[in-house]
Amino acid sequence: MAVVRKVLASNFIGRFTTPHTVDHYLDQIHPMLAVRHVRARVVEVIHETGHASTVVLKPNGTWTGFKPGQHVQFGVEVEGKRRVRVFSVSSSTQRKDGKFSVSVKAHPDGYVSQFLHNDMLPKTLVFLSQAEGDFTLPDKVPDDLLLVSGGSGITPVMSMLRTLRDTGHQGQVTFLHYAKSASDEMFHDELDKIAALPFVQMMRIYTREPAEGAELEGRFVIDHLKHLGIDPVNTLTYVCGPAGLIASVRDTYTELGATSQLMLEYFKVPSVDVNAADATGTLTFDDSSIEADNSGATILEQAEAAGLTPAYGCRMGVCNTCAIKKNHGAVRHVVSGQVAANTDETIKICVHVPVGNVSIAL
Amino acid sequence: MAKKRAPIQPLSASNHNEGPKHLVGDDTEKRATIGLDLMTYEQLEDFGDELDAVRQRVLDDLGQADADYIRRVIRVQRAAEVVGRIAIFFPFFWPVFLVGILLLAVAKILDNMEIGHNVMHGQYDWMNDPMVDARKFEWDNVAPAEDWKHGHNFVHHTYTNIHGMDRDIGYNMFRIDKDQPWYPSHRFNLPLAFFLMMLFEWGVMYHGVELDEYLAGRMSKAEFKARKKRAMVKIRRQVAKDYLLYPVLAIALVPFTSWWVPLAVLGGNVVANILRNIWTFNIIFCGHFPAEVATFQEEDAQNETHGQWYLRQIMGSANISGHRPFHILTGYLSYQVEHHLFPDIPARRYPEVAKDVRRLCDTYGLPYNSGRLSKQLFSVASQLAKLAAKPDDPYMVGNSPESKARRRAKREAAALAAQS
Ligand SMILES: Cc1cc2nc3c(=O)[nH]c(=O)nc-3n(C[C@H](O)[C@H](O)[C@H](O)COP(=O)(O)OP(=O)(O)OC[C@H]3O[C@@H](n4cnc5c(N)ncnc54)[C@H](O)[C@@H]3O)c2cc1C
Ligand code: FES
C-alpha cells in the first residue's frame, strides 16, 4: 500500500495529471485516498469536561506520525468554508490502532473550538497538516524532567506523559499542572491513574477551588518548584499554558540563569508591546511604494493599517501563509524575542515586529 | 517535512478580492465624463450604491450551496477527462474514439471556463480550500496562470475597453473598434481571426508574455525574462502530457492492435485542444467585440466615480442568451455584463444578479446588450470585416504622415511638460 502511494505521489505520475495533482483525481473517488494531503475521519468526540472535548482521529496513509508535543493544523468545513486552527496532539505515540487525538477547550466565543465541542459528528472529514513544531522531547529523555502546564495547555504535555508511560520510561518525571478546579480539569481520571505510577511525581493545583488540605495553592511561584525538589538549572523543563503562566516561569528561569533548560509553547501569540523602545523608524512596503511610521505592531497589522491585504492564515506563526521576503532591516519575533537582521530573508509577518527601519517585498 | 513556498507573488492576483479599482488621473480636479449623457453625477452615485448593495447581498449569502456547486462541476470535469482519455485509446472503434475526443474537449472547456477562469478570479477564495484557491490554481492550457491573472484580472478588468490601456481590445492583432488606428495588417482581420481561433490557447499565452510592453520599454528585462520562463515551463508540461506521454502510453496497445494507434491518440489530443480553442475563442470574442459595445478614451475615464466605473463595465460588455448547460460551458461568460460588474462573486450567481442589473438599467435608461450566440458572432464577424478596410480619415490610419506628425507633437509636448 505504501509503495502504491509513493508511486501515485511521484513526479512521474504528476506529468500525466499536470496542471493538477493526482490528489485532484483521487479526491473524486474518495477524499481519504489522497496521497499528498493529510486527511482524517473523526472517530469519536469524547467530552472531557463541560468545556472541553477530545476528538479521536483516524488519519489517511499520508500521515507520517508525530512526536509527543507537536501540533497539527486542523481544518474543518462549516457552511462551505474551511476553518483552520492549530491543535496539539494529546494522545500517546504508542497507540496501536493508527488513531490519534487532539483535545480542545471551547472558548466562550471561539468558532472552531465551540464547533468541535458541541457539533462535531463522528465520520466528519477533516483536513490536516503533518505534525509540526519543536516543542518535543529529545530522542534520549534525561533522567530529570519537569512538565508544567496550565488549563488547556495540558494537551501537548499529556501526549508526552502518556508516551513516557507507554514506553516504560525509567527516569523521574515531575508534572505540575494548574487548572481552575477539579471539574474543569481535562483527563482528570487518567491523571489519577498516572499519578500512581512510580516514574511520576504529580502535583495538580486548582487555583479557583483548591482541594481540601492541598499541599500547594495559587498561581505559579518559585516555591512550588522548591517544594517539589526541582533544581531548574539541572532540569529540562517544558511549559505550555496561558501567557501569564509562561511569563512567570520564564522570569523565574531567567533570574536563575536556567533559560537554556526551558522549552515553551504558546497557544496564542502574546500581546505585542507597541511602546517598546525599538518601535521606531519607518516601515516601507517596497512593491506598493508605501511608507509608514513603525507603530510597533506586527508587520501584518501595519500592512493592513496601510491598506494592503497580504495573505494570512493562522496569524500566529504556524501556517507560513504570510511568509514574505524582507528586503532590509531588523525584525523581532514576538514570541521568542529573536532578532533577524539579514537582507533578503523570508519572514512570517504575523509574528514579527520591525526594529527600526525595515523594508518588505509587499 | 515538505518545504512550503511563500505564497505571495507581487502581481499575482492575490488582491483580486478588493473592490474594483478606478482609473485615477494626474489632474485630480478633473472629473470623468463617462455616462454624463445618460445620468447626472448624483444619479451615478445612487446607481453605484445600488450595485454595491447587490454585490454585498450575494457575498453575505455565500455558503454550502456554492461550495457544493463548484465541487460538482469539478467532479463532472474530472470524470469527463478520465473517461475521455481512456476512450481515446480505442481509435479502432471509432464511435468510442469520437466520444472520447468530445469528452476531453468538454473537460478542457470546463477546466478553462467554469472552473479555471472563475476560480482564478478569486470567486471561491472564501472557501479557503486549496483546490479552488486563486493563488494556487493552474489551468489546463499553455498560458501560465500567474501572467494571465495579471493581464486579465488586473489590466483588463480595471481598464476595461479604455483605448491604450486595455490590452484586450483587439489583442494587438485586430481592428475591432472604429476608434482604433488602422494598420495595413488589419486588412487580414478575418483570416487572422480564424488563425487565432484555431490556436487560441497559444494566443492567450503569447498575450500574457507581453512582448509589446517589453519592446515599448514599459517592462523591465527581468520581468520579461521571468514571463518567458514561466511560459516555457508551462508549455513543456502541457505539450509533454497531451502530445507525448499519452501517445507513448498507447504504444503498449500496438502489439494487440495496429501501428497507427499512438498516432490516433496524438490526433485525438490535438483535436480536443482545438475544439476547446474554437469554443473559448468564440465565447470570449462575443464578450466585448459586438458592434454596439462601447469603448472609452483615457481622458474621459480619469477620476471616474464608482458609479461611472460600473457604467463603463455595463456599456463595455455584451451577454449571450441561452440555456443553463450553455451558460455552464461558457463559465457564465455569457453573463459578461454581470461578470464585469462583479468579477469576484461565484459565476453561478450571475443569473440571479442579472435581474437586478436589468432592473437598474431600465430605471436609468441604460443600454443592456444581450443576444443569441449567432447574433453576437455575426456582429463580431461583420465588425472585423468592416473595419479591415482602410478608413478615409488619415488620422485614423496609424502609419499615415498625419498620424506620425500628431504622435511626434504629443511626444514633444510631453517632454516639454516633463522639463518644466
Ligand atoms: C501551537 C498551538 C497549539 C495549540 N494547541 C491547542 C490545543 O491543543 N487545544 C486547544 O484547545 N487549543 C489549542 N490551541 C489554540 C487553538 O489553535 C485556537 O486558537 C483556539 O482553539 C481558539 O479557536 P476558536 O476558533 O475557537 O476561536 P476564534 O474564533 O479563533 O477566536 C474567538 C475568540 O477567542 C480568543 N482566542 C483565540 N485563541 C485563543 C487562545 N488560544 N486562548 C485564549 N483565547 C483565544 C480570540 O481572541 C477571540 O476573541 C493551540 C494554538 C497553537 C498556536
Ligand atoms: S499567518 Fe500563519 S504563519 Fe503568519
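### Points about the overall build of chain A
Then step 1. Assigned secondary structure in chain A consists of nine helices and 17 strands.
Then step 2. Taken against the 2.2 N^0.38 rule, which gives 21 Å for 362 residues, the C-alpha radius of gyration of chain A at 22 Å falls within 12% of a compact globule.
Then step 3. Dimensions of chain A, computed from the C-alpha atoms along their principal axes, are close to 65 × 55 × 40 Å.
Then step 4. Residue burial in chain A is summarised as follows: out of 362 residues, 51% are buried.
Then step 5. Of the contacts made within chain A by residues no fewer than 6 positions apart, 65% connect residues no fewer than 24 positions apart.
Then step 6. By element, 51% of the accessible surface of chain A is carried by carbon and sulfur atoms, the whole surface being about 16,600 Å².
Then step 7. When the 33 positive and 39 negative side-chain charges of chain A are each reduced to one mean point, those points stand 9 Å apart.

### Some points on the sheet that holds strand E10 (residues 236-240) of chain A
All names here are of chain A.
Then step 1. Taking strand neighbours across the sheet as the criterion, the five strands line up as E9-E8-E7-E10-E11 in an open arrangement whose pairing is parallel. Among the strands making up the open sheet, the edge pair consists of strand E9 (200-206) and strand E11 (262-265). Taking the axes of each pair of neighbouring strands and ignoring which way they run, one obtains an average angle of 10° across the sheet.
Then step 2. As defined by bridge partners, strand E8 (residues 172-179) adjoins E9 across seven bridges and the pair is classed as parallel. Following the sheet pairing, Ala179 is matched in E9 by Tyr206.

### Considerations on the pattern of salt bridges
Residues and elements named next belong to chain B.
Then step 1. Summed over the entire model, instances satisfying the criterion amount to 41 salt bridges over all chains.
Then step 2. Between Arg230 and Glu146 there is a salt bridge whose closest N-O contact spans 3.6 Å. Within this pair, whereas Arg230 is found in helix H8 (residues 221-249), its partner Glu146 is found in helix H4 (residues 145-158), the two being separated by 84 residues in sequence.
Then step 3. Of the charged contacts, one joins Glu210 and Arg227 as a salt bridge, the two residues approaching to 3.5 Å between their closest N and O atoms. Of this pair, Glu210 sits in the loop between helix H6 (200-209) and helix H7 (211-215) while Arg227 sits in helix H8; the two residues are 17 residues apart in sequence, bridging distant segments of the chain.
Then step 4. Exposure remark for Arg227: the relative accessible area of 2% places this residue in the buried category.
Then step 5. Ionic contacts of the salt-bridge type, sharing partners, join the residues Glu146, Asp147, Arg167, Glu210, Asp212, Glu223, Arg227 and Arg230 into one network.

### Some words on the domain arrangement of chain A
Then step 1. By the assigned domains, chain A splits into domain 1 (37-128), domain 2 (144-266) and domain 3 (282-360).
Then step 2. In this structure, domain 2 of chain A and domain 3 of chain A have C-alpha centres spaced 35 Å apart.

### Quick look at the interface of chain B and chain A
Interface size is commonly expressed as the accessible area that is lost once the parts come together.
Then step 1. The interface is formed by 36 residues belonging to chain B together with 33 residues belonging to chain A.
Then step 2. Carbon and sulfur atoms supply 55% of the area that chain B and chain A bury against each other, a total of about 2,900 Å² over both sides.
Then step 3. Across the contact surface, chain B and chain A share two salt bridges.
Then step 4. With a closest N to O distance of 3.0 Å, Glu77 of chain A and Arg71 of chain B form a salt bridge.
Then step 5. There are 11 residue pairs in polar contact (both at pLDDT 80 or more) connecting chain B and chain A.
Then step 6. Of all elements in the fold, only helix H2 (64-87) and H8 of chain B reach the threshold of two or more residues within the side of chain B that touches chain A.

### Comments concerning a negative patch on the surface
Residue and element names in this part refer to chain B.
Then step 1. A surface patch of like charges, here negative, comprises Glu42, Glu45, Asp46, Asp49 and Glu50.
Then step 2. Assignment of secondary structure puts Glu45 in helix H1 (residues 41-61).
Then step 3. Residue classification places Glu45 among the partly exposed positions, given a relative accessible area of 44%.

### Concerning the packing of H6 of chain B against H8 of chain B
Residue and element names in this part refer to chain B.
Then step 1. Packing of H6 against H8 leaves a shortest axis separation of 9 Å and a crossing angle of 160°. The orientation of H6 relative to H8 falls into the category roughly antiparallel. On H8, the residues that touch Trp202, Met205, Gly208 and Val209 of H6 are Phe224, Arg227, Lys228, Ala231, Ile235 and Val239.

### Looking at the site of ligand 1
Residues and elements named next belong to chain A.
Then step 1. In the region of ligand 1, 20 residues are neighbours, and Arg85, Val86, Val112, Ser113 and Thr155 sit closest.
Then step 2. Between ligand 1 and Lys105, the relevant distance is 2.9 Å, taken from an oxygen atom to a main-chain nitrogen or oxygen of the residue.
Then step 3. Residue Val112 places a main-chain N or O atom 2.8 Å away from an oxygen atom belonging to ligand 1.
Then step 4. For ligand 1, the protein covers 78% of the area, taking 890 Å² as the surface of the free molecule.
Then step 5. Among the elements that line the shell around ligand 1, the one with the most residues is strand E4 (residues 81-88), at four residues.

### Focus on the sheet that holds strand E5 (residues 100-105) of chain A
All names here are of chain A.
Then step 1. Pairing within the open sheet is antiparallel, and its six strands lie in the order E4-E3-E6-E1-E2-E5. Of all strands in the sheet, those with a lone pairing partner are E4 and E5, marking the two edges. Averaged over all adjacent pairs, the angle separating strand axes in this sheet is 40°, with direction ignored.
Then step 2. Pairing of strand E1 (residues 38-49) with strand E6 (residues 125-128) involves four bridges; the strand directions are antiparallel. Counterpart to Ala40 in the pairing with E6 is Val126.

### A closer look at a positive patch on the surface
Then step 1. On the surface, Lys404, Arg407, Arg408 and Arg411 of chain B cluster together into a positively charged patch.
Then step 2. Within the secondary structure, Arg408 of chain B sits in helix H16 (residues 401-419).

### A look at the pairing of E10 of chain A
All names here are of chain A.
Then step 1. Burial of E10 is extensive: five of the five residues sit out of reach of the surface.
Then step 2. Direction of pairing for strand E7 (residues 144-150) relative to E10: parallel, over a ladder of five bridges. Bridge assignment links Leu145 to a residue of E10, and that residue is Leu236.
Then step 3. Pairing of E10 with E11 involves four bridges; the strand directions are parallel.

Definitions and cut-offs
- Residues numbered from 1 in each chain as written.
- Chains lettered and ligands numbered in written order.
- Predicted model: local features only at pLDDT ≥ 70, side-chain atom pairs only at ≥ 80, totals over all residues.
- Heavy atoms only, no water.
- Helix = DSSP H or I, 4+ residues; strand = E, 2+ residues; numbered from the N terminus.
- Rg over C-alpha atoms; globule rule 2.2 N^0.38 Å.
- Buried < 20%, exposed > 50% of the residue type's maximum accessible area, 1.4 Å probe, protein only.
- Contact = heavy atoms within 4.5 Å.
- Areas by Shrake-Rupley, 256 points an atom, 1.4 Å probe, with all protein chains shown as cover.
- Lys, Arg positive; Asp, Glu negative; His and termini not counted.
- Charge placed at Lys NZ, Arg CZ, Asp CG, Glu CD.
- Pairing = 2+ DSSP bridges.
- Axes fitted to C-alpha atoms, helices over the stretch in contact; angles between N-to-C directions.
- Salt bridge = Lys/Arg side-chain N within 4 Å of Asp/Glu carboxyl O.
- Domains from an automatic or database assignment.
- Buried area = accessible area lost by both parts, 1.4 Å probe.
- Polar contact = N/O pair within 3.5 Å; in protein donor to acceptor, adjacent residues only side chain to side chain.
- Patch = residues over 30% accessible without salt bridge, like charges linked within 9 Å, V, L, I, M, F, W, Y side chains within 5 Å.
- Parallel < 35°, antiparallel > 145°, perpendicular 65-115°, else oblique.
- Near = heavy atom within 4 Å.

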